[in-house]
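# An overview of the molecular structure
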Amino acid sequence: MSHAKRLTAGQQEFFRTNGYLHGLAPVFTPDNVRDLKSGLDELMKLLRPGETSKEIREWHESSRFLYDICMNPVILDYVEDLLGPNFYLWGSNFFIKEPHTPSTVGWHQDAYYWPLDPHESLTAWLAFDDSTVENGAMEVIPGSHTAGILKHIRGEGTDSVLTLECERGQFLEDTARPVTLRAGEVSIHDDKLVHGSPANRSTNRRAGLTIRYSRTNVRCDLSINPHFKTYLCRGIDQYRYNPAGVIPTAQFSRLDRKHISVEEAGKDAEKKLGRST
Ligand SMILES: O=C(O)CCC(=O)C(=O)O
């Protein structure tokens, strides 16, 4: 018998087979979405000259506004139905594409970017705006999460906001599916799923918040990301592998501790994790 909180057995099976899920009941109503957008405006006001929305990373550690979104009980129910009873929140960042901008997100697997082991993490992608084919909705390669960690290379001279991209030829790009969402909805993807997104050629902004959750048995290599902090969402953390974060009190506040991904840590980190070529 299934003890799922919100997902049907069919949705759970779809996620296991394809590595992603969308078409879920909305998490936020249109009224809530207005609050989400104005909260994002407040966060943007905290950026310093020259900084972009890419800097709003792991600010759930400093902004109660974001912490509460990441701990939304509906999102956590979806995650629990996929990760099981014991998991924590550790990451969040915005992917914002302004109208008529060339930036893309190259094909990649999140697991390649994160110094986490084992690969038992997922992302909830929360749409702050409608995310459509025209404004550069995320695209996924269904089933690609079952092929292990693929070879990534440093893309040069591309419009991608990420520099590590899957080397061509390891999967069939023409099997890609767009993950379109209405504002206030989430999609979910496995950390080994190949995904990316094209440029926004429309007149509408496309803003999404990615929220990263891991099973409690997932350990971060703190020599690569010394600032990693966990926030237990459900169940218990019997492992205590990672430092726990402090719940923020300020509604909107910057986080000036900079988290480090494998991309930023560079080639030595890739080697250490056995991912270099
Ligand atoms: O928002 C996008 O277009 C890409 C998101 C992404 O790459 C991620 O969730 O890791």
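Let me sum up the structure you'll find in this document. (Residues numbered from 1 in each chain as written. Predicted model: local features only at pLDDT ≥ 70, side-chain atom pairs only at ≥ 80, totals over all residues.)

### A closer look at the site of the ligand
The criterion, for reference: We count a residue as near a molecule or strand when its backbone-placed C-beta atom lies within 6 Å of that partner. Counting from the N terminus, the helices are the DSSP runs of H or I reaching at least four residues and the strands are the DSSP runs of E reaching at least two.
In the neighbourhood of the ligand, the contacting residues comprise Phe95, Val105, Asp110, Thr123, Trp125, Met138, His195, Ser197, Gly208 and Thr210. Elements with a contribution of two residues or more to the shell around the ligand: β5 (121-127), β11 (195-197) and β12 (206-215).

### Observations concerning the pairing of β12
Put simply, the rule reads: Here a residue counts as buried when 20 or more other C-beta atoms fall within 10 Å of its C-beta, as exposed when 12 or fewer do, and as partly exposed in between; the C-beta atoms come from the backbone. We treat two strands as partners when DSSP finds at least two bridges between them.
Within β12, eight of the ten residues are buried, which leaves it mostly tucked inside the rest of the structure. Examined bridge by bridge, strand β2 (residues 87-97) and β12 share ten bridges and lie antiparallel to one another. Along β12, the bridge assignment pairs Leu89 with Tyr213. Note: β5 against β12, seven bridges, orientation antiparallel. Directly across from Leu122, in β12, lies its bridge partner Tyr213.

### Examining helix α4 (residues 73-83)
The criterion, for reference: Residues are scored as being in contact if the C-beta atoms we place from backbone atoms lie within 7 Å.
When α4 is considered as a whole, its buried residues turn out to be Ile75, Leu76, Tyr78, Val79, Glu80, Asp81 and Leu83. Where the residues of α4 are buried, they touch α1 (9-18), β2, β5, β10 (186-190), β12 and β14 (231-234). Phi turns positive, to about 95°, at Gly84, one or two residues after α4.

### Here's the deal with the sheet that holds β10
In any sheet, the strands associate via hydrogen bonds between backbone groups, in a parallel or an antiparallel arrangement. Strands sit in the order β1-β10-β5-β12-β2-β14 across an open sheet of six strands; the sheet is antiparallel. Edge positions in the sheet fall to β1 (20-21) and β14, since each of these pairs with one other strand and no more.

### Notes on the sheet that holds strand β6 (residues 139-140)
As summarised here, the arrangement of the four strands in space is β3-β11-β6-β9, forming an open sheet in which the pairing is antiparallel. A single partner strand is all that each edge strand has here, and the edge strands are β3 (105-108) and β9 (177-178).

### Overview of the pairing of β2
Here β2 lies mainly inside the structure; eleven of its eleven residues are buried. Sheet topology note: the β2/β14 ladder contains three bridges and is antiparallel. Paired with Phe87 across the strands is Arg234, a residue of β14.

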